[in-house]
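# Breakdown of the fold
Listed below are the residues making up each chain.
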Amino acid sequence: GVVNVDSYYVTEPNVENVVDDLRIWSARILSDDEIAKFVSDIFLPEVPYLEWKDGKLVPAELPLGSYELVTSETRTLSDGWYVVKDEIVIEADGQGDNLTVSGHAKLILCDGASLTVTGYYEHPGIEVLPDNELSIYGQSNGTGRLTANGRLYGAGIGGGRYGSACGTVTIN
């Protein structure tokens, strides 16, 4: 049979059972990223992070389910919260395939996690479009890592070749 993922509900959450059910009930083979996204929609725990307030870093917490997990297939960060919990690599392999910020995106790098982003030819690794904003946060141990690489004249984070404008980047 086919399961409509949009109407799938879990009465007793158990990650292993949900992943097994998805593989069995799916009309096609789901990629690991598709399974991770579906499971994360059900099991998104609270995420602690540090933010800059009144001249110092203070603890804060994202509520249950109020963010999206960044995967290797993520290409747009728009208004809202995004969390990197694992080792994620995003490499643009064509025009328009960069990780792009549109709106005010807030990115949390969890302790022990890493995000490596490489832009396409003459583009930044993370393109922050003009009049948009990227805010980057960490956790208490400060071991989350972001590596952003531009290719041939592209910045790591910001704009591309020929002085293209970019929005605001804030690192907390």
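Let us look at the structure shown here. (Residues numbered from 1 in each chain as written. Predicted model: local features only at pLDDT ≥ 70, side-chain atom pairs only at ≥ 80, totals over all residues. Heavy atoms only, no water.)

## Some details on a nonpolar patch on the surface
On the surface, Tyr121, Leu152 and Tyr153 cluster together into a nonpolar patch covering about 340 Å² of accessible area. Within the secondary structure, Leu152 sits in the loop between strand E12 (145-151) and strand E13 (157-158). The partly exposed category is assigned to Leu152, whose relative accessible area is 43%. (Patch = residues over 30% accessible without salt bridge, like charges linked within 9 Å, V, L, I, M, F, W, Y side chains within 5 Å. Areas by Shrake-Rupley, 256 points an atom, 1.4 Å probe, with all protein chains shown as cover. Salt bridge = Lys/Arg side-chain N within 4 Å of Asp/Glu carboxyl O. Helix = DSSP H or I, 4+ residues; strand = E, 2+ residues; numbered from the N terminus. Buried < 20%, exposed > 50% of the residue type's maximum accessible area, 1.4 Å probe, protein only.)

## Some thoughts on the packing of aromatic side chains
Within the structure shown, the criterion is met by three aromatic pairs. Summarising the aromatic geometry, the rings of Tyr49 and Trp81 are spaced 5.0 Å apart at their centres and angled 50° between planes, so their arrangement reads as tilted. Here Trp81 lies in strand E5 (residues 80-84) and Tyr49 lies in strand E1 (residues 47-53), a separation of 32 residues in the sequence. Under the relative-accessibility criterion, Tyr49 is labelled buried at 8%. Geometrically, the ring pair formed by Trp81 and Tyr137 is tilted, given 5.2 Å between the ring centres and 40° between the ring planes. Of this pair, Trp81 sits in strand E5 while Tyr137 sits in strand E11 (residues 133-137), and the two are 56 residues apart along the sequence. Looking at Tyr137, the relative accessible area reads 9%, which means it is buried. (Phe/Tyr/Trp six-rings, centres within 6.5 Å; stacked < 30°, edge-to-face > 60°.)

## A word on unusual backbone geometry
Positive phi, close to 65°, is recorded for Glu122, a residue that is not glycine. Structurally, the position occupied by Glu122 is in the loop between strand E9 (114-121) and strand E10 (126-128). Phi is positive for Asp131, which is not a glycine, with a value near 65°. Considering the arrangement of structural elements, one finds Asp131 in the loop between E10 and E11. When its relative accessible area of 81% is taken as the criterion, Asp131 is described as exposed.

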